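# Summary of structural features
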Amino acid sequence: MLSDENKISRGLSRLLSSDRAIRHFKTSPEIFIENPGVVSNYFDLFSDAQLNEFANH
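Residues numbered from 1 in each chain as written. Predicted model: local features only at pLDDT ≥ 70, side-chain atom pairs only at ≥ 80, totals over all residues. Heavy atoms only, no water.

## Quick notes on the overall build of the protein chain
A tally of regular secondary structure across the protein chain gives 4 helices and 0 strands. The burial tally for the protein chain puts 2% of its 57 residues in the buried class. In the form shown here, the protein chain has an accessible surface area of approximately 5,600 Å², with 59% of it arising from carbon and sulfur atoms. (Helix = DSSP H or I, 4+ residues; strand = E, 2+ residues; numbered from the N terminus. Buried < 20%, exposed > 50% of the residue type's maximum accessible area, 1.4 Å probe, protein only. Areas by Shrake-Rupley, 256 points an atom, 1.4 Å probe, with all protein chains shown as cover.)

The following block contains the structure:
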C-alpha cells in the first residue's frame, strides 16, 4: 500500500507543470500583499471584531 501512487498528487503535479497553470499564477495579483491599504483595513476590521467579542461576553 505504501508503494501506491496518489492520484491527486499526480494530477496536481501535471497541472502545476502545465503552461496553463503557470500563466494563471503569473497573472493572479497578490492583493493582500501588494496593497498596504487592504492590509491596514484587514487589521482594523480584525481589531473591531475582537473588541466586539470582548464586549459581548
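Read on, since the account is not over.
## Some words on a nonpolar patch on the surface
On the surface, Phe-32, Ile-33, Tyr-42, Phe-43 and Phe-46 cluster together into a nonpolar patch covering about 540 Å² of accessible area. Contributions of two or more residues to the nonpolar patch are made by helix H3 (31-34) and helix H4 (36-56). Among the elements that make up the nonpolar patch, the one with the highest residue count is H4 (3 residues). Assessed through its relative accessible area of 65%, Ile-33 is described here as exposed. (Patch = residues over 30% accessible without salt bridge, like charges linked within 9 Å, V, L, I, M, F, W, Y side chains within 5 Å. Salt bridge = Lys/Arg side-chain N within 4 Å of Asp/Glu carboxyl O.)

## A few points about the packing of aromatic side chains
For the coordinates displayed, the defined rule picks out 2 aromatic pairs. Each ring, one from Tyr-42 and one from Phe-43, has its centre 5.4 Å from the other, and the planes form 70 degrees; the classification is edge-to-face. The interplanar angle of 15 degrees and the centroid separation of 6.3 Å between the aromatic rings of Tyr-42 and Phe-46 together place this pair among those described as stacked. Of this pair, Tyr-42 and Phe-46 both sit in helix H4, 4 residues apart, which is roughly one turn of the helix. For Phe-46, a relative accessible area of 42% corresponds to the partly exposed category. Aromatic ring contacts, followed pair by pair, group Tyr-42, Phe-43 and Phe-46 into a single cluster. (Phe/Tyr/Trp six-rings, centres within 6.5 Å; stacked < 30°, edge-to-face > 60°.)

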